[in-house]
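Observations on chain architecture
One-letter residues, chain by chain:
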Amino acid sequence: MRKMKKLAALILTASMAAAALAGCGGKAADTSATTSTTSAPETTTEAAKAETTKEAAETKGLKVALLLSGAANDMGWCQTAYDGLKVLESDYGCEISYTENLTPDDIEAAFADYAANGYDVVIGHGYEFGDPAVEVAEQYPDTKFIITEGEVSAENVASYVTKCEEGGYIMGMLAAGLSKSNKVGFVGPIQGASLVKIMNGFEDGAKSVNPNIEVQTAWTGSFTDTALGKEAAQAMIDNGVDVIGHCANESGTGAINAAKEAGVFATGDSYDQNALAPQTVVSSSVYHIPNVIETAYQTVAYGNFEGGIYNLGMQEEAVSIAPYHDLDSEIPQELKDEIERTISAIAEGQFSVPCDTKVR
């Protein structure tokens, strides 16, 4: 709840909400930028907290739908959003629905179906939902469309971009610091700006620890095919890689399984994935999507919704790093200290992880 309140305060302040921010398309986020097409919604303040319960009660009954590219129980990217949807059901009394395993060809029809059936808010979880949302939104002006990792906006469309590259950078540092072969690998799903930036962040972080580290990369071409993820990781392991990272959604589970079977370390993504392989997954980049979804929903429920693109990272507590769990003793203290200093610098705005969306 503490993270959600901080997110709400930051997103709903005049300076943040007035900015229809450019996504991570090679441009740095500028929280002071403004446009002539948006105006500031009301700011969430401490004085307003007393009204929150009353407002929440008055907004009960809003219908919210979620669209997913994979399984809702993937213990990764898709589940982060599903958990957020369940928060809206339990804490706000929303009527919820979701559709999982959508292919790109299915997305526009899924948006239209929910909007036509009277859903107040439809959430598309991933950059691939952005353009279809804009197409459908024009036909359903009374429905609010919220896109995670999107770079689109309209009067009734808002995108919330998580600075996933920050987590990727830290995972790269961790991987390079643990590698004994001087080779680390990273597996991605389908190339897209929100995923390329993580892979590049991983490489940048690794080279910040060891400029001579070899970073091997691969794209599986699928968000859900675990066999392809495992095959990609195994090829890297056969080539000497001894730490595997990923941002491959459900496909990344296959990469973790390959690392587990080979007895090498792995890093997780989106969720704390240590439970998938406790002696393999050293840490994970965690995206607090439930908090982001809750905050985005509040803008609709409390009348503060503004179409735009909003960037959120460690500074806003939308990104964090999972504990090292039982593998803590495997990590050199010097490396842990360096990682902690970097996390603090990012969170305090003293260091900005490069946001590079170009395939290398």
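Residues numbered from 1 in each chain as written. Predicted model: local features only at pLDDT ≥ 70, side-chain atom pairs only at ≥ 80, totals over all residues. Heavy atoms only, no water.

A few points about the overall build of the protein
A tally of helices and strands in the protein yields 12 helices and 12 strands. Within the protein, the fraction of its 360 residues that count as buried is 57%. Long-range contacts, defined as pairs at least 24 residues apart, comprise 71% of the intrachain contacts of the protein with a sequence gap of at least 6. Entry remark: accessible area of the protein is about 14,400 Å², with carbon and sulfur atoms responsible for 47%. (Helix = DSSP H or I, 4+ residues; strand = E, 2+ residues; numbered from the N terminus. Buried < 20%, exposed > 50% of the residue type's maximum accessible area, 1.4 Å probe, protein only. Contact = heavy atoms within 4.5 Å. Areas by Shrake-Rupley, 256 points an atom, 1.4 Å probe, with all protein chains shown as cover.)

Notes on the packing of aromatic side chains
By the definition in use, this model includes 9 aromatic pairs. Ring geometry for Y92 versus Y297: centroids 5.2 Å apart, planes at 65 degrees, classification edge-to-face. Within this pair, whereas Y92 is found in helix α4 (residues 77-92), its partner Y297 is found in helix α11 (residues 289-301), the two being separated by 205 residues in sequence. For Y297, a relative accessible area of 1% corresponds to the buried category. Sitting over the ring of F305, K144 keeps its end group 5.7 Å from the ring centre. (Phe/Tyr/Trp six-rings, centres within 6.5 Å; stacked < 30°, edge-to-face > 60°. Lys NZ or Arg CZ within 6 Å of the ring centre and 35° of its normal.)

Thoughts on the sheet that holds strand β9 (residues 265-270)
Within the open sheet, the 6 strands sit side by side as β7-β6-β8-β9-β10-β12. Their pairing is mixed. The outermost strands of the open sheet, each flanked by one partner alone, are β7 (214-219) and β12 (319-321). Each neighbouring strand pair of the sheet contributes to a mean axis angle of 15 degrees, computed without reference to strand direction. Where strand β6 (residues 183-188) and strand β8 (residues 243-246) come together, 3 bridges link them in parallel fashion. Across the sheet, V187 pairs through a bridge with H246, a residue of β8. (Pairing = 2+ DSSP bridges. Axes fitted to C-alpha atoms, helices over the stretch in contact; angles between N-to-C directions.)

As for the confidence of the model for the protein
In the predicted model, the protein carries a mean pLDDT of 87, and 83% of its residues have values of at least 70. Low pLDDT (under 50) marks residues 8-23, which in the prediction has 55 contacts with non-local residues, meaning those over four places away or in another chain. Counting interchain partners and residues more than four positions distant, the pLDDT-below-50 stretch residues 25-50 has 39 contacts. (pLDDT = per-residue confidence, 0-100.)

With respect to the sheet that holds strand β4 (residues 144-148)
Pairing within the open sheet is parallel, and its 6 strands lie in the order β2-β1-β3-β4-β5-β11. Two strands close off the open sheet at either side, each with one partner strand: β2 (95-99) and β11 (308-312). The mean inter-strand angle of the sheet, taken between neighbouring strand axes irrespective of direction, is 20 degrees. On the sheet, α4 packs against β1 (63-67), β2, β3 (121-125) and β4 and is oriented at approximately 165 degrees with respect to β2.

A few points about the packing of helix α9 (residues 226-238) against helix α10 (residues 251-262)
Axis separation between α9 and α10 bottoms out at 6 Å; the angle between their running directions is 40 degrees. Here α9 is positioned oblique relative to α10, judged by the angle of their axes. When the axes of α9 and α10 are compared, the crossing they make is right-handed. From α9, T226, L228, G229, K230, A233, Q234 and I237 reach across to α10, where they touch S251, T253, G254, A255, A258, A259, E261 and A262. (Parallel < 35°, antiparallel > 145°, perpendicular 65-115°, else oblique. Left-handed = near helix turned anticlockwise from the far one by under 90°.)

Digging into helix α7 (residues 164-178)
End to end, α7 covers 21 Å across 15 residues, agreeing with the expected 21 Å (1.5 Å per residue, within 8%). By the criterion of burial, α7 is predominantly enclosed, with 14 of the 15 residues buried. (Expected span 1.5 Å × (residues − 1).)

Brief notes about helix α6 (residues 130-137)
For α6, the complete set of buried residues consists of G130, P132, A133, V136 and A137. For α6, the arc enclosing every buried residue in end-on projection is 160 degrees, short of the 170-degree limit, so these residues lie on one face. Looking at the buried positions of α6, the neighbouring elements they touch are α5 (104-116), β4 and β5 (157-162). (Arc of directions from axis to C-beta.)

Looking at the pairing of β4
The side chains of a regular strand alternate, first on one face of the sheet and then on the other. Across the 5 residues of β4, 4 count as buried, placing the element largely inside the fold. Once the chain exits β3 it traverses α6 before rejoining the sheet at β4, and the crossover so formed is right-handed. Alignment of β4 against β5, held across 4 bridges, turns out to be parallel. Its bridge partner being in β5, F145 is matched across the sheet by V157. (Right-handed = clockwise from strand over helix to strand, strands pointing away.)

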